[in-house]
Amino acid sequence: LDIYSDNEEDNSDYLFLGDYLIRSFEEIFVDEFNSVSTFKVINHYLKKYDEIEYVEKNNLWKECPFKWNNAKILGYKTSPLISLFAVVFQHIEFDEKRINDIVDGFLDILAIIQILDDVGDAASDLSVGRETLVMSGFYKKFGIDNSWTEKNIEQFLDQEQLKKIYINIQKLFDNATKQFTKHEDIIFLF
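Everything numeric here is computed off the predicted structure, so don't read it as measured data.

Caption draft 1: The overall build of the protein chain, seen in detail. The secondary structure content of the protein chain amounts to ten helices and zero strands. Moving toward the C terminus, one meets the helices and strands of the protein chain in the order α-α-α-α-α-α-α-α-α-α. For the protein chain, the share of sequence-separated contacts (at least 6 apart) that also reach a separation of at least 24 residues comes to 64%. Carbon together with sulfur atoms contributes 56% to the accessible area of the protein chain, which is approximately 11400 Å² in total.

Caption draft 2: The arrangement of the environment of D117 in detail. Take D117: it is sitting in helix α5 (residues 96-120). We classify D117 as partly exposed; its relative accessible area is 38%. Taking the C-alpha atoms as reference, D117 lies 21 Å from G18; in sequence the two are 99 residues apart.

Caption draft 3: Main features of the pattern of salt bridges. Tallied over the entire structure, the rule returns eleven salt bridges. The residue E53 makes a salt bridge to K57 at a minimum N-O spacing of 2.7 Å. Here E53 pairs with K57, and both are found in helix α3 (residues 36-57), just four residues apart, close to one helical turn. On the accessibility criterion, E53 (7% relative accessible area) is buried. Each of E53, E56, K57, K77, D125 and R130 takes part in a single network of salt bridges with overlapping partners.

Caption draft 4: Just the environment of L74, in detail. With respect to the helices and strands, L74 occurs in the loop between α3 and α4 (79-91). Residue classification places L74 among the buried positions, given a relative accessible area of 3%. Put simply, L74 and E160 are 86 residues apart on the chain and 22 Å apart in space, counted from C-alpha to C-alpha. Once residues within four sequence positions are removed from consideration, L74 is found in contact with I52, F66, A111, Q114, I115 and L133.

Caption draft 5: Representation of the nonpolar core in the model. One finds I115, M135 and I153 to be the most contacted residues of the largest nonpolar core, which totals 44 residues. For this core, the element with the highest residue contribution is α5, accounting for nine residues. Not counting residues within four places of it along the chain, the set of residues in contact with I153 comprises A122, A123, L126, M135, F138 and W148.

Caption draft 6: Seen up close, α4. Between its terminal C-alpha atoms α4 stretches 18 Å, which fits the 18 Å expected from 13 residues at 1.5 Å a residue. Taken together, the buried positions of α4 are occupied by S79, I82, S83, A86, V87 and F89. Angular distribution of buried residues about the axis of α4 spans 160°; they occupy a single face of the element. Looking at the residues trailing α4, positive phi occurs at E93, about 65°.

Rules behind the numbers
- Residues numbered from 1 in each chain as written.
- Predicted model: local features only at pLDDT ≥ 70, side-chain atom pairs only at ≥ 80, totals over all residues.
- Heavy atoms only, no water.
- Helix = DSSP H or I, 4+ residues; strand = E, 2+ residues; numbered from the N terminus.
- Contact = heavy atoms within 4.5 Å.
- Areas by Shrake-Rupley, 256 points an atom, 1.4 Å probe, with all protein chains shown as cover.
- Buried < 20%, exposed > 50% of the residue type's maximum accessible area, 1.4 Å probe, protein only.
- Salt bridge = Lys/Arg side-chain N within 4 Å of Asp/Glu carboxyl O.
- Core = buried A, V, L, I, M, F, W, Y, C linked by side-chain atoms within 4.5 Å.
- Expected span 1.5 Å × (residues − 1).
- Arc of directions from axis to C-beta.

Here's what the structure looks like:
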């Protein structure tokens, strides 16, 4: 699904393959854990994935819809992974507060990964109309007509912008550490 929705080429077969694989995964997972809550958790996170993707795709060739003060929502781009953990945590009877804290930490870490990926994918994202959080303000500064040159991207990602990215990544990392520390989740801290 990600390949289909992020690529300007016609890969419509990926849409159906991705949907098939997700539905197959859900079926296996629901069969394995055999509870109504399993479906609810999976559905909750898939809806979060759809929400974030819709917002992103609905803003093509516009200013980035995401803000640094809520960058953690970028972690929902990996919602199927989060749903796996949430179902397992529920199955082994972690209390709801612990599950929410761990998921909150996951969202921060996964948002960091997304942000770092967006730095590397700046040219390809901009060329298909996707102004990511790390490139927020690029279209305003350079316009949308073939502006995603290496020179413009390098100029945009100056020391000040890179410092801003670093500071925000550090905030996300600090919050994740705080969330994992609350319950002494050593493996997640590691």
